[in-house]
Amino acid sequence: MSKTSNIMRLALLQLKGSKDKVANVQNAVTKIEAAVKEHKPRLITLPECFNAPYGTKYFREYSETIPDGYTSQQLSNLARKHQVYIVGGTIPELGENDAIYNTCTVWSPTGDLVAKHRKMHLFDIDVKGGIRFKESETLSAGNDFTIINVDGHKIGIGICYDIRFEEMARLYRNAGCEMIIYPAAFNMTTGPLHWELLQRSRANDNQLFVVTTSPARDTSAEYVAYGHSMVVNPWAKVQQSASEGEEIVVADIDFSEVEQVRQQIPVFGQRRLDLYATERKAK
Ligand SMILES: O=C(O)CCC(=O)C(=O)O
């Protein structure tokens, strides 16, 4: 598809969650309506696990099938009604064989599901005195890379912990992506040190835009999200970022910056592919 425009307006919705699924989804609906009315974005992003509390004991209870579940239907209707792309954060998905996935849905302006990305790297960490989390207690990992095409621009999709795996971002870059979107929910242990660093690293390594959307910070929640949803440009500069509470971040992406950086610092063509490679394996 040829590029119809180099400018794309994004709205990142940093949303507060609760244990009430319908209230969470309705909050997203209200904020999407407000973002459309006030800012007219082309693409809207939502946070990781925006319709449920983020915790392994909750994933099965809150899980839904895609695309016929309640949350999917709401996002599909909104995308069609407002003719926008929605990168629908993530929800716990009830998949084949009763498996649960942490899944991002992407909706086109016709309301169609254009992609579904299941988190590939499960968040299993144990930081002494900090945080222990083991998504693999209840979740299964996805096995597929996901690239969408919006107005001729290729955009890779990852989810939170996926950002730590530079090979995944490299494969998206190799496939021609100009942006990677990660719905994410870093925490108060790893967020302060790694959140911005990882985004700027992936942007700098691959000379593309990195976009993250976090839940708002709620210090009364069992899992306290870091917040600070962010857009990093291909120069690895933070173009825009949220604070900690509920917020809509509006960013005008100029995709011509991707080509500028790639021409001026041409590392992609200077790699020693005679000596090393990052290659996707056939499944
Ligand atoms: O990598 C991290 O520090 C946080 C990852 C995370 O919270 C997640 O994958 O949901």
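Residues numbered from 1 in each chain as written. Predicted model: local features only at pLDDT ≥ 70, side-chain atom pairs only at ≥ 80, totals over all residues. Heavy atoms only, no water.

**Q** How would you summarise the site of the ligand if you had to cite specific residues and measurements?
**A** For the ligand, the full set of nearby residues is Glu48, Tyr54, Lys119, Phe123, Cys160, Tyr161, Arg164, Ala185, Phe186, Asn187, Thr190 and Tyr223. Within the side chain of lysine 119, an N or O atom sits 2.7 Å from an oxygen atom of the ligand. At 2.8 Å from an oxygen atom of the ligand is found a main-chain nitrogen or oxygen belonging to alanine 185. A total of 290 Å² of accessible area belongs to the ligand in isolation, and the protein chains cover 100% of it. Put simply, the ligand lies in the largest cavity. A class-by-class count of the residues in the shell around the ligand yields seven nonpolar, two polar and three charged. (Near = heavy atom within 4 Å. Polar contact = N/O pair within 3.5 Å; in protein donor to acceptor, adjacent residues only side chain to side chain. Areas by Shrake-Rupley, 256 points an atom, 1.4 Å probe, with all protein chains shown as cover. 1 Å grid on protein atoms, 1.4 Å probe; cavity = no way out; pocket = protein on both sides within 12 Å on 5 of 7 lines; lining within 4 Å. Sits in = over half its atoms within 2 Å of the grid points. Nonpolar A, V, L, I, M, F, W, Y, C, P; charged D, E, K, R; others polar.)

**Q** I'd like a rundown of the pairing of strand E5 (residues 100-107), residues and numbers included.
**A** The buried fraction of E5 is high, at eight of eight residues. Of the two faces of E5, the one holding Ile100, Asn102, Cys104 and Val106 and the one holding Tyr101, Thr103, Thr105 and Trp107 are both buried throughout. Two strands pair when backbone bridges link them, and strand E3 (residues 85-87) and E5 are joined in this way by two bridges, in the antiparallel orientation. When the bridges of E5 are listed, isoleucine 86 appears paired with tryptophan 107. The sheet contact formed by strand E4 (residues 91-94) and E5 spans four bridges and is antiparallel. Its bridge partner being in E5, leucine 94 is matched across the sheet by isoleucine 100. Two successive antiparallel strands, E4 and E5, enclose a turn made up of five residues, where asparagine 97 displays a positive phi of approximately 55 degrees. As paired elements, E5 and strand E6 (residues 113-118) share five bridges and run antiparallel to each other. Counted as the bridge partner of valine 106 is alanine 115 from E6. (Buried < 20%, exposed > 50% of the residue type's maximum accessible area, 1.4 Å probe, protein only. Helix = DSSP H or I, 4+ residues; strand = E, 2+ residues; numbered from the N terminus. Pairing = 2+ DSSP bridges.)

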